[in-house]
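The lines below spell out each chain.
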Amino acid sequence: MTTVSIRKPDDWHVHLRDGAQLTQTVAATARSFARAIVMPNLVPPVCTVEAARQYRDRIRSVIPSGTSFHPLMTCYLTDGIDPAEVAAGYADNVFAACKLYPAHATTNASHGVTDVRRIHPVLATMEKIGMPLLIHGEVTDADVDVFDRELVFIERVLTSIVRDFPGLKIVLEHITTAEAVDFIREGGNQVAATITPHHLVINRNAMFQRGLRPHAYCLPVAKRERHRIALRKAATSNSPQFFLGTDSAPHPRAMKESACGCAGIFNAPVALEVYAHVFDEEGALDRLEAFASEYGPRFYGLPLNPDRITLERNPWQVPDVVDVGGQDVVPFLAGETLAWRLQ
Ligand code: NCD
Ligand code: ZN
């Protein structure tokens with residue numbers, strides 16, 4: 001096969017940042033995706049309907065002309081979040097979902113939830129109105145090994161959320177472990193998971209290849225090879241519980257190449273092409289469309305995109321660095337050659 005034509009995909013998890021960075025982040029995502037679930041971990045976080053509306057306006061103002069792109073906004077859950085605010089934002093079509101960051105789990109998560117019991121009222125409201133809960137599934141306890149944080153979150157936190165709110169739609173974001181794959185599969189219709197391009201391509205060795213590689217560092221951190229293999233199986237399994245979410249998360253080069261480097265991989269310039277490459281390697285190109293363009297909207301209860309895009313086998317080299325808001329950012333797979341290209 002030398003071309004693949006699919007319904008235009010959506011990105012169900014992206015960090016577009018703000019201010020000067022928006023021009024490039026929005027263009028990079030809108031190039032491949034018709035809609036995107038926009039993460040709310042700004043400084044300060046997006047916790048109100050008004051903040052989300054204004055952020056959406058800023059995003060819309062930089063959409064390249066002639067491109068159709070719909071940002072879907074999320075509400076950052078805090079211990080003190082007001083269920084009425086969340087419900088109002090959902091009813092007004094401003095909030096598409098809420099995002100649960102355990103406090104201090106990742107970039108700009110310091111205002112996150114300290115104990116899930118504190119947000120039981122908002123979870124009950126979301127369950128009632130059918131609003132999805134998106135979860136960064138890692139515990140933050142210092143005594144839990146970094147590589148076990150997703151598994152321990154599933155055991156200590158997620159299992160009880162699913163049990164206490166059986167009607168709540170839950171997306172476990174950017175899964176990285178075989179155990180998460182199993183949990184989702186066994187969870188039935190209530191739960192789904194997004195899978196990033198980078199977790200399909202790298203395992204944890206990528207961070208230590210002949211030296212320390214900060215551009216392979218993200219959260220949840222990449223795990224052992226057996227987990228990467230499980231993720232590839234899940235993504236290509238044609239299960240509606242697994243769909244595309246890039247977790248594209250740019251940080252300026254200087255913030256990554258630092259004594260305390262930021263977590264996050266900027267993959268928007270290559271994301272769709274990398275998924276195509278992975279599905280091709282797995283002999284599953286015929287399943288790319290469902291993963292990229294059908295199962296996400298189906299879970300969120302949104303219509304499928306009418307437009308189509310075509311990927312062609314036409315090798316190109318990923319730039320070493322790209323400009324994002326006047327600062328250098330090293331994209332995922334910088335300098336490497338990709339087989340697939342978006343027409
Ligand atoms: C994200 C970021 O930089 O905002 N970083 C990351 O490593 N994925 C936050 C997140 O999704 O964890
Ligand atoms: Zn993220």
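Being a predicted model, the structure only gives us computed values, none of them experimental.

Digging into the packing of helix H5 (residues 149-164) against helix H6 (residues 178-187)
Phase 1 of the analysis: Running from amino to carboxyl end, H5 crosses H6 at an angle of 15°, the nearest separation of the two axes being 10 Å. If you check the angle between H5 and H6, you find them roughly parallel. Here H5 and H6 pass one another in a crossing that is right-handed. Contacts between H5 and H6 involve Glu150, Leu151, Ile154, Leu158, Thr159 and Val162 from the first element and Glu179, Ala180 and Phe183 from the second.

A few points about the sheet that holds strand S7 (residues 170-172)
Phase 1 of the analysis: Taking strand neighbours across the sheet as the criterion, the 8 strands line up as S2-S3-S4-S5-S6-S7-S8-S9 in an open arrangement whose pairing is parallel. If you trace the sheet from one side to the other, it starts and ends with strand S2 (11-14) and strand S9 (242-244), each paired once. Ignoring which end each strand starts from, the neighbouring axes of this sheet average 30° apart.
Phase 2 of the analysis: As judged from the 4 bridges shared by strand S3 (residues 35-38) and strand S4 (residues 70-76), these two strands associate in the parallel manner. Bridge pairing in S4 links Ile37 to Leu72.
Phase 3 of the analysis: Packing of H6 onto the sheet brings it into contact with S7, strand S8 (191-195) and S9, and relative to S8 it is tilted by some 145°.

A word on the packing of aromatic side chains
Phase 1 of the analysis: Evaluation of the coordinates by the stated rule reveals 8 aromatic pairs.
Phase 2 of the analysis: Ring centres of Trp12 and Tyr300 lie 4.5 Å apart, and the angle between their planes is 25°; this geometry places the pair in the stacked category. With Trp12 in strand S2 and Tyr300 in helix H11 (residues 288-300), the pair connects residues that are 288 residues apart, well separated along the chain. This pair shows no difference in class: Trp12 is buried, exactly as Tyr300 is.
Phase 3 of the analysis: A ring pair is formed by Tyr76 and Tyr101, whose centres lie 5.3 Å apart and whose planes are at 40°; its orientation type is tilted. Taken together, the residues Tyr76 in strand S4 and Tyr101 in the loop between strand S5 (95-100) and helix H4 (120-129) connect sequence positions 25 residues apart. Here Tyr76 matches Tyr101 in class, with each residue buried.

Focus: the pattern of salt bridges
Phase 1 of the analysis: Using the criterion set out here, one finds 16 salt bridges in the structure.
Phase 2 of the analysis: A salt bridge links Asp10 to Arg35; its shortest N-O distance comes to 2.8 Å. Pair noted here: Asp10 is in the loop between strand S1 (3-7) and S2 and Arg35 is in strand S3, with a separation of 25 residues, a long-range link.
Phase 3 of the analysis: With relative accessibility at 0%, the residue Asp10 sits in the buried group.
Phase 4 of the analysis: The partner of Asp141 in a salt bridge is Arg156, with the nearest N and O atoms 3.5 Å apart. Here the residue Asp141 occupies a position in the loop between strand S6 (133-135) and H5, and Arg156 occupies one in helix H5, the gap between them amounting to 15 residues.
Phase 5 of the analysis: Since its relative accessible area comes to 49%, Arg156 is described here as partly exposed.
Phase 6 of the analysis: A cluster of three or more residues bridged by salt bridges with shared partners is formed by Glu50, Arg53 and Asp92.

The rules behind the values
Residues numbered from 1 in each chain as written. Chains lettered and ligands numbered in written order. Predicted model: local features only at pLDDT ≥ 70, side-chain atom pairs only at ≥ 80, totals over all residues. Heavy atoms only, no water. Axes fitted to C-alpha atoms, helices over the stretch in contact; angles between N-to-C directions. Helix = DSSP H or I, 4+ residues; strand = E, 2+ residues; numbered from the N terminus. Parallel < 35°, antiparallel > 145°, perpendicular 65-115°, else oblique. Left-handed = near helix turned anticlockwise from the far one by under 90°. Contact = heavy atoms within 4.5 Å. Pairing = 2+ DSSP bridges. Phe/Tyr/Trp six-rings, centres within 6.5 Å; stacked < 30°, edge-to-face > 60°. Buried < 20%, exposed > 50% of the residue type's maximum accessible area, 1.4 Å probe, protein only. Salt bridge = Lys/Arg side-chain N within 4 Å of Asp/Glu carboxyl O.

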